[in-house]
Every structure is written in C-alpha cells, then in structure tokens.
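So you can see what is in the structure, the chains are spelled out below.
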Amino acid sequence: MSLPCDCCPTGAPRCALVGVQFTGVAQTVAQSGWPPVSLPLTIDGITATTILSGYNSPAGIAPTPTPQVTYTHTTPQNRVRGLRLWNQGGGVLTDFDGLGPFNADFYAGVTLLTTLATSGANGGAAQSLLLPGLTELNGVDRVVIRNLGKLSTGTVAPLWRELQLVEIQTVFPCRRRLTSALEWYDQAGNLVSSADIIPCP
C-alpha cells in the first residue's frame, strides 16, 4: 500500500466500497442492428473522455435481449458487492444517451452466482449498483451484462464510459501536510471517496 509523499498516515484503517477495473471485455453475443462501439474503452479506467463507447442501436427504447457483453478479471475477486457504472458518453453527460435497465450475471468460473437486475441513470457521475442487502460474492471472475436497455429512443445509444466491480476493501487514512485534508487510499494506492467509507462488516 502506498500513500502520496505529502500525506501522513493517521488513524486506523477502515472499510470502503472500492471500484476494481476489469482486465478484459468482449461482445460475446451479437445482434444485427446493434453494432458495438469501442467496448475496450469501458475498462481503461478513463472516465473523463468524450470518446463514445457502448452501442449504436435502432430507434426505440425497449430493452433488447440478444446482445451480451462479457467483462472478465484474470484474478478472481472476493467480497464483491456489485458494479460501478460511469454512464453516458460524448461531450454532454445529461442527454439520456446512457445505458438504461440491464441484467448482470456474476460468475465464478462456470458457476452462476447471482443475477443483478439494475439500471443506469442519466448523468455522468459514478453510479454504484449494489447487490441486495449485504450480499457479498467470492471468486468472481466474469460478469455478463444482457437485456440492455436505453434511456432514450436515440440511435447513438446506449453509451457508457466505464464499468467496474465494486468490492469491500481495507482503506488507509492520511492527512495532507499543507492543508490537513483527510484522504483515504486503497491497497493499490488509489484515492477513495470518503462517501464510500462503510462500517467494516
């Protein structure tokens, strides 16, 4: 675990809902009229971008059951609580071109652990889409999203900029020397929002 050089460790570690990037993504079931758009960009960790990624589709808003996108991780992940979605695409992130209702199937190897029925919302901020209650999944190495819905009838849709796993991890506090601001970092040295700090189960 590494902290910025001007941030002094302080206090005890806590738990947080931390986003973890997938290591692979591919369309695994295709549908005519639904061409994928730059899906690899949805796992690159870059959320401040105007480059489009997701799908083009026919006009209409009904979810389509056929296309499936499979997100993978080379290392099985534990304590998984759901997904984190950066919805919408392009230069305007409030124009309803994002991913709407969809299903997400969580797998450990060939075993289907559970299915999350959820929906993206209009807007560019990160959205945490959590499993019901306090459900945690172990050994997750694949998530398949399907029954993809849209937020509008537009044809350059549904778009999303990033999809990550959300899991419970230990995070570490430090204070900036100059400002005394308290910050939290995960084991990989990534800044974690204070809003994602939770009581340790």
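Thresholds applied
Residues numbered from 1 in each chain as written. Predicted model: local features only at pLDDT ≥ 70, side-chain atom pairs only at ≥ 80, totals over all residues. Heavy atoms only, no water. Helix = DSSP H or I, 4+ residues; strand = E, 2+ residues; numbered from the N terminus. Rg over C-alpha atoms; globule rule 2.2 N^0.38 Å. Buried < 20%, exposed > 50% of the residue type's maximum accessible area, 1.4 Å probe, protein only. Contact = heavy atoms within 4.5 Å. Areas by Shrake-Rupley, 256 points an atom, 1.4 Å probe, with all protein chains shown as cover. Lys, Arg positive; Asp, Glu negative; His and termini not counted. Charge placed at Lys NZ, Arg CZ, Asp CG, Glu CD. Phe/Tyr/Trp six-rings, centres within 6.5 Å; stacked < 30°, edge-to-face > 60°. Lys NZ or Arg CZ within 6 Å of the ring centre and 35° of its normal. Disulfide = S-S within 2.5 Å. Salt bridge = Lys/Arg side-chain N within 4 Å of Asp/Glu carboxyl O. Pairing = 2+ DSSP bridges. Axes fitted to C-alpha atoms, helices over the stretch in contact; angles between N-to-C directions. Polar contact = N/O pair within 3.5 Å; in protein donor to acceptor, adjacent residues only side chain to side chain.

A. Seen up close, the overall build of the protein chain. Assigned secondary structure in the protein chain consists of 0 helices and 15 strands. Here the protein chain has a C-alpha radius of gyration of 18 Å; the compact-globule value for 201 residues is 17 Å, and the two agree. A buried classification covers 44% of the 201 residues belonging to the protein chain. In the protein chain, the proportion of contacts linking residues at least 24 apart, taken out of those at least 6 apart, comes to 76%. Working note: accessible area of the protein chain is about 9200 Å², and carbon and sulfur atoms make up 57% of it. Of note, the protein chain has its 11 positive side-chain charges centred 5 Å away from the centre of its 12 negative side-chain charges.

B. Structural detail: the packing of aromatic side chains. Using the criterion set out here, one finds 3 aromatic pairs in the structure. Between Phe-22 and Tyr-71, the aromatic rings sit 5.1 Å apart at their centres with planes inclined by 45°, giving tilted as the arrangement. You can see Phe-22 sitting in the loop between strand 2 (14-21) and strand 3 (24-29) and its partner Tyr-71 sitting in strand 6 (residues 68-77), a full 49 residues away along the chain. On the basis of relative accessibility, which here comes to 3%, the residue Phe-22 falls in the buried class. Ring centres 5.6 Å apart and planes at 65° place the aromatic pair Trp-34 and Tyr-55 in the edge-to-face group. Pair noted here: Trp-34 is in the loop between strand 3 and strand 4 (36-37) and Tyr-55 is in strand 5 (residues 54-55), with a separation of 21 residues, a long-range link. The ring of Tyr-107 carries Arg-142 above its face, with NZ or CZ at 3.9 Å from the centroid.

C. Examining the state of the cysteines more closely. All chains considered together, the criterion is met by 2 disulfides. A sulfur-sulfur separation of 2.0 Å characterises the disulfide bridge that pairs Cys-7 with Cys-174. Taking the torsion about the sulfur-sulfur bond, which here is approximately 90°, the covalent link between Cys-7 and Cys-174 counts as right-handed. Taken as a pair, Cys-7 in strand 1 (residues 7-9) and Cys-174 in strand 12 (residues 160-176) lie far apart in primary sequence, 167 residues in all.

D. The arrangement of the pattern of salt bridges in detail. A complete count under the given rule lists 5 salt bridges for this structure. One salt bridge in this structure joins Arg-79 and Glu-136, with 2.9 Å as the shortest N-O distance. Taken together, the residues Arg-79 in the loop between strand 6 and strand 7 (80-87) and Glu-136 in the loop between strand 10 (126-130) and strand 11 (140-146) connect sequence positions 57 residues apart. Of the residues examined, Arg-79 reaches a relative accessible area of 28% and is grouped as partly exposed. Take Glu-136: its relative accessible area is 31%, and that puts it in the partly exposed class.

E. Structural context of the sheet that holds strand 8 (residues 101-108). Across the sheet, 5 strands lie side by side as 3-6-11-8-9; this open sheet has antiparallel pairing. Two strands in the sheet have a free side with no partner beyond their single neighbour: strand 3 and strand 9 (111-119). Averaged over neighbouring strand pairs, the angle between their axes works out to 25° when direction is ignored. Inspection of the sheet shows strand 6 paired to strand 11 by 5 bridges, in the antiparallel sense. The partner of Val-69 across the bridge, within strand 11, is Ile-145.

F. Examining the side chain of Asn-87 more closely. Mapped onto the secondary structure, Asn-87 falls in strand 7. Accessibility expressed as a relative area gives 0% for Asn-87, which makes it buried. Among the polar contacts listed, one links the side chain of Asn-87 to the backbone nitrogen of Leu-99, at a separation of 2.8 Å. Apart from the residues lying within four places of it in its own chain, the contact partners of Asn-87 are Gly-98, Leu-99, Gly-120, Ala-121, Gly-123, Gly-124, Gln-127, Leu-151, Leu-159, Trp-160 and Arg-161.

Shape is all these values report; function is a separate question.
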